[in-house]
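Structural features, examined
In case you want the letters, here they are:
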Amino acid sequence: MTELSIVQALNRGLRCAMESDPKVLLMGEDIGKLGGVFRVTEGLQKDFGEDRVIDAPLAESGIVGTAIGLALYGYRPVIEIQFDGFVYPAFDQIIVQLARMRYRSAGVLQLPITIRMPFGGGIGSVEHHGESPEAYFASTPGLRVVTCANPVDAYWMIQQAIASDDPVIFLEPKRRYWQKGEVDLSETLTSVPSMYQAKVLVEGSDCTIICYGPTVATSLHAAALAAQDGVSLEVIDLRTLSPLDLVTMEKSVKKTGRAVVVHEASSSGGIGGEVGQCLTESCFYYLQAPVLRVTGYDTPYPPSRIEDVYLPDVDRILDAVEKSMSY
Amino acid sequence: MESLEATVQLLSSMGELVDDPQFHSTLDGAALLALYRDMVLVRQLDQQATALQRQGELGLWAPLLGQEAAQIGSARAMQAQDYVFSTYREHGVAWCRGVDPVDMLRFWRGTAHQAWDANLHRFYGYQVIIGAHVLHATGYAMGMSKDGRTGTGDLEKDQAVVAYFGDGAMSEGDVNEAFVFATSFQSPVVFFCQNNQWAISEPTRRQSVVPLAQRAQGFGMPGIRVDGNDVIACHAVTMAALDRARAGKGPTLIEAFTYRMGAHTTSDDPTKYRDSADDELWRSRDPIDRLRIYLRAQEILNEKVESELASEAAYLAERMRVSCRELADPNPLTMFDHVYSGPDARLERQRLEVEAILADQETKVN
Ligand SMILES: Cc1ncc(C[n+]2csc(CCOP(=O)(O)OP(=O)(O)O)c2C)c(N)n1
């Protein structure tokens, strides 16, 4: 076992992917000497050279667009978008080109591109440095959208994402970057759970908490507190936001009869609505209460000094559980 | 190191006046002293804000250290009727547009996304998304020409727009599209690019293999490279570009060649990617020092004026320190304001929910 932070686990995972496939290359702003603003690519340019760890011109559409060309040629680009709020200049390339190339070409062309980006709030910075854009991507067929919530998943999922022949939007919970955990580096990429599956992190019988990315730690905390009060929560880390792993969720909800979805993004048009609707359709007769949501509000992220009120916290999760239990 | 050839300079780094065949300064002693005062105060503002960030009072700050001449020289060339679109680093320009430094701090402290009335100051605000505002500036300028606010022949009344951005921004599609629109419609906009040689850790060479000003030609507008640490030259070239814009002759790209003497932001560590030898070199080209040398030699500046200015700067710093700590967090319920032009039923429900949560917390505390 090796103790790693999420940043370190991602760094190690990227290193493994680059060692095992010479066609893997990294592109992004300030990822070379600086190692990225969060240091995820620290030391990689030194070891793999400027040809494989590329400091790109400051143009996100350019980065994704040229990565598409590189992938068509035969490379396997891994892009770093510096912050969630800076991905939008690349939107056209991602939504209109990247997501559809396989479909459009009837499977002849494929784009094994991974786009990494830190997401979510909670770091106290200025506008555009804390956003939750996942639903835009998750509502686009052809993109796989995944997120890791701990160092173990960070290490394995980044490698699985790079190995995937589909384009993957890889979301990193920035306020958990420094969270540490023990990672067993002796496992293999195929022996660990697939990134296309959700994970039950805590088993419970009263209510299922469905969360991902930054809200996983908050939900685990809530589950621990609820346990002290004799309420047994099952916690599911979605990991894959699109396509959703319905099977794991259904199994849990058929057992508990209740579900609360937790995410930082606004509720309107969010992942929570999709999860809730899917569960309603497949588990209607098992549900004791409507699927509830604890989310950011339907506003842009507010100034950082009041962001705490915007972000889901333990109290809001426990209130929702109580509400669900009282149906 | 890039050469300074073909760069407009009117005041050398030794503090001596230099002739330029095309550009001449109209500034008298009093005007130069005023520019000096602006630069000294803005440097103080910047240093104080950096210190406040270190003390945990601000979430972040983007220092302008080294770019005082580029910002003050260009901003003082504008008239009240002009309109400015800027990035997060243009505190000096904000200062010239009459924005209270304490309001600047509110953004960086995280108490407001924008803390002043853009239309009152005719200063749009800090844009964080690289290049986005350069299109906005161009559209605003298009509006001015449509409404006959420019090209009337009255340079005192004619309006123009100035768009500020960095060398890194020159790569963004938005900026290049702005050049196309502005030249196509001959809009009254001055593109003021501060080439501080770095986009965080990336040198300008990653964005361009030719001097940035040279790109203007391909779009069909004049490109001027100016010594960005020479406040007199920055003032003169911006005046000329603004006059041209006001006269209805279209846009100009100015590349102010300067150096980011500090970190990209307070979160950045430049020792990871650049050589401190460059820092030394550029310290010897300090924009404030050279004007001081000149003004002292001309006896426009003396001990007495210097010490008055020092007290004024100390007072500014003190006011920033005190006022920053007093900046209260906004009421969380304000997060629901201004999402739309009018009320929305769903947001209102969410607002009530937060109101109840806050009331509940209040009772728990008491
Ligand atoms: C669209 C977008 N991409 C990336 C960033 C992150 N970022 C912030 S500042 C910066 C460098 C900007 O360099 P430059 O344009 O030269 O301006 P400077 O900061 O040097 O004044 C980057 C990459 C951003 N803010 N917006």
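Since this is a predicted model, take the numbers as computed values, not measurements.

1. Let's talk about the side chain of Asn195 of chain B
Residue and element names in this part refer to chain B.
- Mapped onto the fold, Asn195 is located in strand β4 (residues 189–195).
- Residue classification places Asn195 among the buried residues on the basis of a relative accessible area of 1%.
- In this structure the side chain of Asn195 is engaged in a polar contact, spanning 3.0 Å, whose partner is the side chain of Thr204.

2. A closer look at the site of the ligand
- Neighbouring the ligand are 21 residues; Glu60 of chain A together with Tyr88, Arg89, Val128 and Gly168 of chain B lie closest to it.
- The local environment of the ligand is shared, drawing residues from chains A and B.
- At a separation of 2.8 Å, an oxygen atom of the ligand approaches a polar backbone atom of Gly168 of chain B.
- Isolated, the ligand exposes 580 Å² of accessible area, and the fraction of that covered by the protein chains is 96%.

3. A few points about the environment of Trp95 of chain B
- Within the secondary structure layout, Trp95 of chain B lies in helix α3 (residues 91–96).
- Aside from chain neighbours lying at most four places away, what touches Trp95 of chain B is Asp38, Leu41, Val42, Leu45, Ile72, Arg76, Pro101, Met104 and Leu316 of chain B.

4. Some words on the nonpolar core
- By size, the foremost hydrophobic cluster in this structure holds 109 residues, and its most contacted members are Trp95, Leu105, Trp108 and Leu291 of chain B.
- Excluding residues that lie within four positions of it along the chain, Leu105 of chain B makes contacts with Ala49, Leu52, Leu58, Trp61, Met320, Cys324 and Leu327 of chain B.
- Of all hydrophobic cores here, the second largest spans 45 residues; its members include Met27, Met117, Val145 and Met249 of chain A.

5. Here we look at the domain arrangement of chain B
- The assigned domain composition of chain B is domain 1 (29–330) and domain 2 (332–366).
- Distance from the C-alpha centre of domain 1 of chain B to the C-alpha centre of domain 2 of chain B: 38 Å.

6. Points about the side chain of Thr252 of chain B
Residues and elements named next belong to chain B.
- Along the chain, Thr252 falls in strand β8 (residues 252–257).
- For Thr252, a relative accessible area of 2% corresponds to the buried category.
- Ignoring sequence-local partners within four residues, the contact set of Thr252 consists of Val189, Val190, Phe191, Met221, Pro222, Ile224, Ala241 and Arg244.

How each quantity is defined
Residues numbered from 1 in each chain as written. Chains lettered and ligands numbered in written order. Predicted model: local features only at pLDDT ≥ 70, side-chain atom pairs only at ≥ 80, totals over all residues. Heavy atoms only, no water. Helix = DSSP H or I, 4+ residues; strand = E, 2+ residues; numbered from the N terminus. Buried < 20%, exposed > 50% of the residue type's maximum accessible area, 1.4 Å probe, protein only. Polar contact = N/O pair within 3.5 Å; in protein donor to acceptor, adjacent residues only side chain to side chain. Near = heavy atom within 4 Å. Areas by Shrake-Rupley, 256 points an atom, 1.4 Å probe, with all protein chains shown as cover. Contact = heavy atoms within 4.5 Å. Core = buried A, V, L, I, M, F, W, Y, C linked by side-chain atoms within 4.5 Å. Domains from an automatic or database assignment.

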